[in-house]
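Below, each chain spelled out in residue letters.
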Amino acid sequence: MAKIIIDNQEVECQEGITVLQAASKAGWDVPHYCFHPGLSIAASCRLCLMEQKMPHPQTREMGWSPKLMPACQTPVRDGLEVRFASDKVKQNRANCLEFYLLDHPLDCPVCDQAGECHLQDYSQRFGNAESRMVDQKHVTPKKDIGPKTLLYTDRCVLCTRCVRFTQEISGTNELCLTNRGSKNEIDVFPGRPLDNPLQGNVVDLCPVGCLLDKSFLFKRRVWELKGTPSTCPGCAMGCSIRVDQADEHVYRLKPRYNPKVNDWWMCDEGRFGFEYVHDDKRIAAPVVRRGKDKTTPEWQDLPGILKTRFETHVREHEGASVAVVLSPFMACEEAWLLIRFIRDIAPSAVLVMGPVPVEGEDQQFPAGATGDAVKFTILKEKCPNKRGIEMLLEAAGGETLAFDAFVEKATAGEFSAGWVVGGYPKAWVEKPVGKAAAKFELLVAQDMFENEFTAAADIVLPACAWVERDGSFANHAGLIQPFARSIEPPAGAMRDGQYLFETAGFEGIYSGERVRELMAATIPAFNEVCEAPPVPAHTH
Amino acid sequence: MAWKALDRLTPVAEGEAPLLSEALREKIRSFFPRYETKRAALLPALHIVQNTLGHVSYQAMEEIAEVLDIHPSDVLDTLSFYTHFWTHPKGEKVITVCRSLSCEVMGGKEVLDEIKKQLGIGLHETTPDGKYSLVTEECLAGCDHSACLLINEKLHKCVKPEDVAKLLADENNDKIDSERSDLFDPPPESAVTKTDASDGTSDANEAQEGN
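So, on to the overall build of chain A. From N to C terminus, chain A includes 14 helices and 26 strands. Once the C-alpha set of chain A is aligned to its principal axes, its extents read approximately 100 × 50 × 45 Å. Within chain A, residue pairs in contact and separated by at least 24 positions form 67% of the contacts whose partners lie at least 6 positions apart. When the accessible surface of chain A is split by element, carbon and sulfur atoms take 50% of a total near 23,500 Å².

Structure representation (structure tokens):
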């Protein structure tokens, strides 16, 4: 631990960090654009400049240096004394911000970034209220630089975070800084657009409204969005994310800092892969079939119906064999409730791991990096909770089966009753399973979209997308990461956790945390969840 | 899209055939032993290409990137930093008129206007016959002889508007007495080994002497 003095206050900080990081951690609001803890240091924005005590070259007497020093580039060392609260520092910030705004179009009313823009925030906190600019502004073009991003050159502050990201994290180098001095612009080589699997991050990194996400462009003002902490279900990595919604509609996903999983980044597949949540074709209401009759039961009757049907089935069929397919898209809590329900009624019920979607190979960034040089990984296993379901199957014991073996046995008519959970964002029943599905005397299909199981099922239950549920996923490394409910399920549907909670014999409102406490009694791993650490208030 | 955005998705249309001949590529590669990384040979490469082809087109940038094993955006980044690299064809002779203080006071502006009038072109333009291109520069370091201008590498001193017609008519207006610099020719084998063996200080001295 090093002790430094900031504005006459002693601050204890970790060795090896910069003064900017130490000050931010201790609660100082130091403006900065170019500094980002995940990237190399550019020290080009000149907003974090501070005064530093230095020995006089002749007298060796300690005094404030006449020249301001960048806080982002000065490492902390014991006894270092700096100040941000002086007039000189404040004047520098105001002057810098005035320069930043000289050519800025001030088009906040039509800018997507307005409301979370650090030009706005800093100008208000540290800048001048009025512009002294009397000349014509220098107008620079908007650029269509990639399939997912737009670049508004006129709003750029040239922090070069985006350029450094493509150089250091994605390793794809598409972005560059063209020209020089007052003609500096961020650009791509014509015909070589910004198109890599991590490109969405440059939009998050941009402290102003220069780089914008085409899919979010003009969709919603950011102050209308409400963010909920969540975990990405795109692959087995389970990046920490924030779900931004308004009026029960998800508009965008943003990464949250989590050093154990994703640092500051997330991939495009996860970021833009939530459209299925608002698909019209989703199953929204439960259906009970008796012969050709189709009825939609009231939700409060459903736990009773499910319980009675399974109990009657087991009672009436000597040696009934029950199978439950658990999807790797289920939360650990939901899977645990379902296992508990089914094993209560049929202790020998077979538990099946649903199909695990795999696409291509694991992708590491920058390409070709190994060991510590790997900055980000996209896993080939495209589901969030395979590890969690495995943990539960292990804890539950008894007979377990792989999905293919289950289909084989079901086709042979070895199961009389079944409960199949899907909830996959894409069509997941790849091989025809119609024959297998038809063999069940009692089949419950819990899914988001119609497929052969839901077509043959006696009871169809709507499954909810992860943004509508709460619970936890265990990622590939076994970290149990909670996710919170962000939006309501489609009209008519109920959260999976709630009806499974009631079906399993519990009363009241389901909450992931409450169920996790129950689970932890038998599975100690659930005592500990991995939550992303809080980030200092004034960093970005 | 409803508003105007520069299209950076489509490549700049250029010919199919490679612009950099194998000999030219080899010349660029001969600079590799001088530096720790291949990308460090970017500036010599740009000079070589501009000296040979007259300008560095987008296609040439891509080909340079290929030789140096870097992304074309890195080439564009470096090239556009320096104003002396041309990305579009230039005329046979480039007239560079000084626009700095001394020349401005001594009638440089009038000289420039006269050239524009006689050639019928503006700044950064080339005559239809491809003979002359016209640009301005901040200072040509000829303040004691203002107003001055360059035609290719030949400095013309104390130019007056009435001299322009004669100057343009002169076929040899770009001929210089001294030989062209061979700075960007590949070094002889012996020189490379010598540099490698000597220490950093003498390198710097040699470089200064060379200048």
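Another aspect to go through is the domain arrangement of chain B. Residue and element names in this part refer to chain B. According to the domain assignment, chain B consists of domain 1 (15-89) and domain 2 (93-169). Of note, the centres of domain 1 and domain 2, computed from C-alpha atoms alone, are 29 Å apart. Taken together, the contact between domain 1 and domain 2 spans 4 residues of the former and 6 residues of the latter. Carbon and sulfur atoms make up 59% of the area that domain 1 and domain 2 hide from each other, which totals about 300 Å². On the domain 1 side of the interface with domain 2, the three residues burying the most area are His-84, Trp-86 and His-88, jointly 84% of the side's total. Applying the counting rule to domain 1 against domain 2 returns 0 salt bridges. Here domain 1 and domain 2 share 1 residue pair in polar contact (both at pLDDT 80 or more) between them.

Moving on: the packing of helix H2 (residues 87-100) of chain A against helix H3 (residues 118-126) of chain A. Residue and element names in this part refer to chain A. At their nearest, the axes of H2 and H3 sit 10 Å apart, and the two run at 140° to each other. Between H2 and H3, the interaxial angle falls into the category oblique. In the crossing of H2 with H3, the sense of the turn from one axis to the other is left-handed. Taking contact as the criterion, the partners of Arg-93, Ala-94, Leu-97 and Tyr-100 in H2 are, on H3, Leu-119, Tyr-122, Ser-123 and Phe-126. Counted by class, the contact of H2 with H3 contains 6 nonpolar, 1 polar and 1 charged residues.

Right, let's talk about the sheet that holds strand E5 (residues 149-151) of chain B for a bit. Strands pair in a sheet through their backbones, by hydrogen bonds, and they do so in one of two ways: parallel or antiparallel. Residues and elements named next belong to chain B. With mixed pairing, the 5 strands of this open sheet are ordered in space as E3-E4-E2-E5-E6. Both outer strands of the open sheet, strand E3 (125-126) and strand E6 (154-156), are each paired with one neighbouring strand and no more. Inspection of the sheet shows strand E2 (residues 93-98) paired to strand E4 (residues 132-137) by 6 bridges, in the parallel sense. Residue Val-97 lies in a different strand from E4, and its bridge partner there is Thr-136.

Okay, the packing of helix H8 (residues 332-345) of chain A against helix H14 (residues 512-522) of chain A next. All names here are of chain A. Between H8 and H14, the shortest axis-to-axis distance is 9 Å and the interhelical angle comes to 60°. The orientation of H8 with respect to H14, classified from their angle, is oblique. By crossing handedness, the relation of H8 to H14 is classed as left-handed. Contacts between H8 and H14 involve Cys-332, Glu-333, Trp-336 and Leu-337 from the former and Gly-512, Val-515, Arg-516, Leu-518, Met-519 and Thr-522 from the latter.

For the rest of this paragraph, the subject is the interface of chain B and chain A. At the junction of the two partners, chain B supplies 23 residues and chain A supplies 29 residues. Buried surface at the junction of chain B and chain A, summed over both partners, amounts to about 2,200 Å²; 62% is from carbon and sulfur atoms. Inspection of the chain B/chain A interface yields 2 salt bridges. We note a salt bridge from Glu-62 of chain B to Arg-192 of chain A, for which the minimum N-O separation is 3.0 Å. Applying the counting criterion to the chain B and chain A interface returns 12 residue pairs in polar contact (both at pLDDT 80 or more). Elements represented by at least two residues in the side of chain B that touches chain A include exactly strand E1 (6-7), helix H3 (58-68) and helix H4 (72-81) of chain B. Sorting elements by how many residues they give to the side of chain B that touches chain A places H4 of chain B first, with 7 residues. Split into classes, the residues belonging to the side of chain B that touches chain A amount to 12 nonpolar, 5 polar and 6 charged. Of the strand pairs in this sheet, strand E7 (residues 142-144) of chain A and E1 of chain B are connected by 2 bridges, and their pairing is parallel. Across the sheet, residue Asp-144 of chain A finds its bridge partner in E1 of chain B, namely Asp-7 of chain B.

Right, let's talk about a nonpolar patch on the surface for a bit. Taken together, the side chains of Leu-43, Phe-81 and Tyr-82 of chain B make up a nonpolar region of the molecular surface, amounting to roughly 240 Å² of accessible area. The topology assignment puts Leu-43 of chain B in helix H2 (residues 42-53).

The next subject is the nonpolar core. It is characteristic of soluble globular proteins that their nonpolar side chains tend to be buried jointly. Counting 62 residues, the largest nonpolar core has Tyr-33, Tyr-100, Leu-175 and Trp-466 of chain A as its most contacted members. Elements supplying a minimum of two residues to this core: H2, H3, helix H4 (161-168), strand E10 (185-188), helix H5 (201-205), strand E13 (240-246), strand E14 (249-255) and strand E20 (376-378) of chain A. Aside from chain neighbours lying at most four places away, what touches Leu-175 of chain A is Ile-145, Cys-162, Val-163, Thr-166, Ile-186, Asp-187, Val-188, Leu-194 and Val-202 of chain A together with Ser-73 of chain B. Val-322, Met-330, Met-494 and Phe-526 of chain A belong to the second largest nonpolar core, which has 47 residues in total.

Definitions and cut-offs
Residues numbered from 1 in each chain as written. Chains lettered and ligands numbered in written order. Predicted model: local features only at pLDDT ≥ 70, side-chain atom pairs only at ≥ 80, totals over all residues. Heavy atoms only, no water. Helix = DSSP H or I, 4+ residues; strand = E, 2+ residues; numbered from the N terminus. Contact = heavy atoms within 4.5 Å. Areas by Shrake-Rupley, 256 points an atom, 1.4 Å probe, with all protein chains shown as cover. Domains from an automatic or database assignment. Buried area = accessible area lost by both parts, 1.4 Å probe. Salt bridge = Lys/Arg side-chain N within 4 Å of Asp/Glu carboxyl O. Polar contact = N/O pair within 3.5 Å; in protein donor to acceptor, adjacent residues only side chain to side chain. Axes fitted to C-alpha atoms, helices over the stretch in contact; angles between N-to-C directions. Parallel < 35°, antiparallel > 145°, perpendicular 65-115°, else oblique. Left-handed = near helix turned anticlockwise from the far one by under 90°. Nonpolar A, V, L, I, M, F, W, Y, C, P; charged D, E, K, R; others polar. Pairing = 2+ DSSP bridges. Patch = residues over 30% accessible without salt bridge, like charges linked within 9 Å, V, L, I, M, F, W, Y side chains within 5 Å. Core = buried A, V, L, I, M, F, W, Y, C linked by side-chain atoms within 4.5 Å. Buried < 20%, exposed > 50% of the residue type's maximum accessible area, 1.4 Å probe, protein only.

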